[in-house]
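A look at the structure
So the chains spell out like this:
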Amino acid sequence: MNSPSNGAIEYDVGTDQWVLNMGPQHPSTHGVLRLTLRTDGELVTECAAHIGYLHRSAEKIGENLTPRQFIPFTDRLDYLAGMNMNLGLTLAVEKLAGFTPSEKTRHLRVLAVELCRIASHLVAACSTGLDLGSFTPFMWSFREREKIQLLFEELCGARLTYSYITPGGVTADVPEGWLDRCEAFLDQFEPVIDELHALLTSNRIFIQRMAGIGVLSAEDAIAYGCTGPVLRGSGVARDLRRHGEPIYRGMYDDYRFEIIAPVNGCYPQDHDYPPVPPQAVVGDSWHRFYVRMLEVVQSIGLVRQAIAKYRQSSGSVDPPWQVKQKLPPGEAYLETEAPKGQMGFFIVSDGSAVPWRLRIRSSSFSNLSVVEKLCRGVLLADVAAIVASLDIVLGEIDR
Amino acid sequence: MTDQIASRLPESWAWAAWAGAALIHVALMLCFVLAAVAFFVWLERKVSARIQDRLGPTRVGGRFGWLQSPADGIKLLCKEDIIPAAADSFLFRIAPYLCFCPAFAAFAAIPLADGWVALRLDIAVLFVLAVAGMEIFGVILAGYASGSKYSLFGAMREAAQVVSYEAPLALCLVIPVMLAGSMDLTTIANAQEGWFTQWFVFHNPFSFAAFWIYVVCATANTNRAPFDLPEAESELVAGFMTEYSGFRWAVFFMAEYTAMLAVCLIASIAFLGGWNGPIPWTGWLGLSYSVHPALGFLGDFVGFLNLTAKSFLGVIFIMALRWTLPRLRIDQVMAMCWKYCVPLAAAMLLGAAVWLCLFPGGVFRGVGLRNAPSPTVAAVGAFAGEREQVQP
């Protein structure tokens, strides 16, 4: 725009749009995600996600190793939920082989997987706080996660990459007194959830930053293939622990738990956790966060039930298969409910010990795909909140 | 001090007296400010550690890590000095000092005890606000000169935020100025002499509310959480400081803590009685210059400790806020300023002005100990309507 009266002074100030490169080294992109944002001032007009910075050819490696040898690589897919990744591959292989582990093994697997889900959701929920500039809840949740890791260390010798659940069974039975320590942890942990709610869920600034931001409708969530808390946060009550294939669903047959999802805006159970704020819209970042926080409570219940059932069941825990045990020819695909969403393993075997093909369906990959839709027309600060609420793990996306 | 030095020198050497006095003042101020900043760096680590169930520094200097700040300083001095290729080298170099100097210069007019001030100005409040507000130039320059988009984003946020919050901040400070009838910070503090009920924060409901608005605006003005948008880590990496490292980064850091100390000192002087403790025991013990110069100095020193304690408590409060709350978004920060802080501060100013006309003594002024022999008599006096006039 030129000045109205005289042309002596140039009033034309450039107001171009910027392309802002966020990542792969950026504090809030959860690893090595790279987002390129087209920004008009603080307003993001376009967002594109670039992935592949953590690609390690996990699927190809899986075609050169036996499933038992490949288990340590699954730990590194979603490195925040190694147990769940172990279970995904293990069940797919066992489905192919038509193998059913003993009752005691089943309960022990449920125990490990749900404990790991607590750990993963703790990181997810509280790194959301970190992305909003609140450092303390992150430290508090890591303090609790540390205790879970110590339990796992005692159980299988590893803190992060467990390789505990393997085709055939688990690598070791629980050590003496471990179940008591596990229960003691749960008793101590339950009140801490209220503290985290006080710092985040019901904090007014947190609600202002999360409620109504990044609204993902149920139709869009299904269309984009979103699963896990992202799908449930949009009000779709789908959880493979109840809706999955029999071999996976059967693990949870005699367990009681609720599927957490705001169906028609209401959560299923009568819980005494913070009420849904009026600003929150089903499918927004706040609901995705809240679903995870409530799922932690459900997982605590599941772990308690698993401990009781493990104690009641007789027999022994199944040992792992031989490393080079041959697989029957054929193919099997199985999806399990990992903390981030539905994690699928596809195995094709030609009858040898090494799978002919191995493919992995990543939940974070589908969940990330909505970021371009959600980040259009939001402010720069909201991008961090939205990415945090999607809870992606790049190790799983890039594989 | 200029006069004292000048009296020992020939008359034609008056400039030397000026220069000498100025140097001594600057040295004293630097000592106070740098010691406070070093303490705050350590304190922030310890406060955040306590809040987060950690220990904080424990290694350098014994159990409590007392020497952590000097160790940090040495580390930063030894770091490689990096100026990005895309940066405007000259502006990039001077920006940190443009940021620190105004924050430091504001201390020239801030009294630390009765008469302990480098420059006793009649317009001290105005001077402090104006000079401290210049800090923003350094930040904008840093953001512009860094040649990084993140830095520029941080600088733009700072420009919008700090300029906005200066308005309600100044409005809040007008209330103590009005109550004391002076813009001289020393006069303002002395007008609150006596019991803690004499403090301007307790003068009337409006000044009480204005104090809390001041707290919000001061937090925003010093870029502390939940208003730390210019350096929002999760969005802008480090905002305007993204490209800075080593000692230049440390200067920015010092500027932030210096500004934080400055706003807390002003809050203590304008609202919380300055160097007057909650209980006027120094007066009872006769620690005044009228009894003996040494006793008077001792009284001033106690006052200095009072003021320091109050402002340090304020700093700890701001730190605790930072480690508790998430960060606001830029539109929410601006809405908070223009929709809530400015109208509220203006309303408080109006309310305080009306109150001053109707009840010049304030809420508790009647029960002050200074002119009343005992609280009972004073209370009776207050009911009888014998209210004390505000000190000029």
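The coordinates are above.
Predicted model only: the values in this text are computed from it and were never measured.

Each helix and strand in chain B was counted, giving 15 helices and zero strands. In summary, chain B has a C-alpha radius of gyration of 23 Å against a globular reference of 21 Å for 392 residues, a match within 12%. Based on the C-alpha atoms only, the size of chain B along its principal axes is roughly 75 × 60 × 45 Å. Going through the 392 residues of chain B one by one, you find that 52% of them count as buried. Looking at chain B alone, contacts between residues at least 24 apart form 76% of all its contacts between residues at least 6 apart.

Counting residues in hydrophobic clusters, the biggest one holds 98 residues, and the most contacted among them are Phe40, Tyr214 and Phe271 of chain B. Considering each element in turn, this core owes the most residues, 15 residues, to helix 11 (residues 246–270) of chain B. Residue contacts for phenylalanine 40 of chain B: discarding those within four places in its chain leaves Tyr257, Leu261, Phe312, Val315 and Met319 of chain B. Core analysis: the second largest hydrophobic core is formed by 88 residues, Ile71, Ala211, Ile259 and Ala306 of chain A among them.

Residues and elements named next belong to chain A. A sheet is described by the order of its strands in space; here three strands give the open sequence 6-7-8, paired in antiparallel fashion. With partners counted over all chains shown, the strands left at the sheet margins are strand 6 (330–338) and strand 8 (357–361), one partner each. Ignoring strand direction, the axes of neighbouring strands in this sheet form an average angle of 10 degrees. Pairing of strand 6 with strand 7 (residues 341–349), which is carried by nine bridges, proceeds in the antiparallel orientation. Directly across from threonine 336, in strand 7, lies its bridge partner methionine 343. The sheet strands contacting helix 3 (residues 82–97) are strand 6, strand 7 and strand 8, and the helix crosses strand 6 at an angle near 150 degrees.

Moving on, we come to the packing of helix 4 (residues 103–131) of chain A against helix 5 (residues 136–156) of chain A. Residue and element names in this part refer to chain A. The interhelical angle for the contact between helix 4 and helix 5, taken along N-to-C directions, is 160 degrees, at an axis separation of 9 Å. Viewed along their axes, helix 4 and helix 5 adopt a mutual orientation that is roughly antiparallel. For helix 4 against helix 5, the interelement crossing comes out left-handed. Where helix 4 abuts helix 5, its residues Ala112, Leu115, Cys116, Ile118, Ala119, Leu122, Val123, Cys126, Ser127 and Leu130 lie against Pro137, Phe138, Ser141, Phe142, Glu144, Arg145, Ile148, Leu151 and Phe152. Residue composition of the contact of helix 4 with helix 5, by class: 15 nonpolar, two polar and two charged.

Another aspect to go through is the interface of chain B and chain A. Between chain B and chain A, the residue contacts involve 25 residues of the former and 34 residues of the latter. Interface area, chain B with chain A, both sides summed: about 2700 Å², of which 61% is carbon and sulfur. Inspection of the chain B/chain A interface yields three salt bridges. Linking chain B with chain A are ten residue pairs in polar contact (both at pLDDT 80 or more), by the criterion used here. Those elements that provide at least two residues to the side of chain B that touches chain A are helix 7 (149–180), helix 10 (233–236) and helix 14 (330–358) of chain B. The element contributing the most residues to the side of chain B that touches chain A is helix 7 of chain B, with five residues. Among the residues making up the side of chain B that touches chain A, the classes are represented as twelve nonpolar, four polar and nine charged.

Tracing the backbone shows threonine 282 of chain B in helix 12 (residues 281–284). Threonine 282 of chain B sits 212 residues away from proline 70 of chain B along the chain, and the two C-alpha atoms are 36 Å apart.

The next subject is the environment of glycine 344 of chain A. Residues and elements named next belong to chain A. With respect to the helices, strands and loops of the structure, glycine 344 is situated in strand 7. Residues glycine 344 and valine 281 lie 63 residues apart in sequence; the distance between their C-alpha atoms is 30 Å. For glycine 344, the contacting residues outside a window of four places in its chain are Tyr333, Leu334, Glu335, Arg359, Ile360 and Arg361.

Parameters at a glance
Throughout this description, residue numbers start from 1 for each chain and increase along the sequence as written. All chains are assigned letters beginning with A, and all ligands numbers beginning with 1, in the order in which they are written. Owing to the predicted nature of the model, reporting of local features is limited to residues with pLDDT of at least 70; listing and counting of side-chain atom pairs is limited to 80 or more, with chain, interface and lining totals taken over all residues. Derived side-chain values reflect all non-hydrogen atoms in the structure, with water molecules and hydrogen atoms excluded from consideration. Per the convention used, a helix needs a DSSP run of H or I reaching at least four residues, while a strand needs a run of E reaching at least two, with both numbered from the N terminus. Note on method: radius of gyration uses C-alpha positions; expected globular size equals 2.2 Å times residues raised to 0.38. Accessible area is worked out with a 1.4 Å probe on protein chains only. A residue is then buried under 20% of its type maximum, exposed over 50%, and partly exposed in between. Residues are treated as being in contact if the distance between any of their heavy atoms lies within 4.5 Å. Each nonpolar core is a collection of buried residues, namely Ala, Val, Leu, Ile, Met, Phe, Trp, Tyr and Cys, held together in the definition by side-chain atoms within 4.5 Å. Two strands are said to pair when DSSP picks up at least two bridges between them. Axes here mean lines fitted to C-alpha atoms, for a helix over just the part in contact, with angles spanning 0 to 180 degrees between N-to-C directions. Roughly parallel means an angle under 35 degrees; roughly antiparallel, over 145; roughly perpendicular, 65 to 115; everything else is oblique. Note on convention: near helix rotated counterclockwise from far helix by under a right angle means a left-handed crossing. Clockwise means right-handed. Each residue receives one of three labels: charged for Asp, Glu, Lys and Arg, nonpolar for Ala, Val, Leu, Ile, Met, Phe, Trp, Tyr, Cys and Pro, and polar for the others, Gly being one of them. Note on terms: buried area is the combined drop in 1.4 Å-probe accessible area of two parts once they are placed together, counting the loss on both. The rule for a salt bridge is simple: a side-chain nitrogen of Lys or Arg has to be within 4 Å of a carboxyl oxygen of Asp or Glu. Polar contacts, as used here, are pairs of N or O atoms within 3.5 Å; protein pairs need one atom able to donate a hydrogen and one able to accept it. Residues neighboring in sequence count only if both atoms are side-chain atoms.

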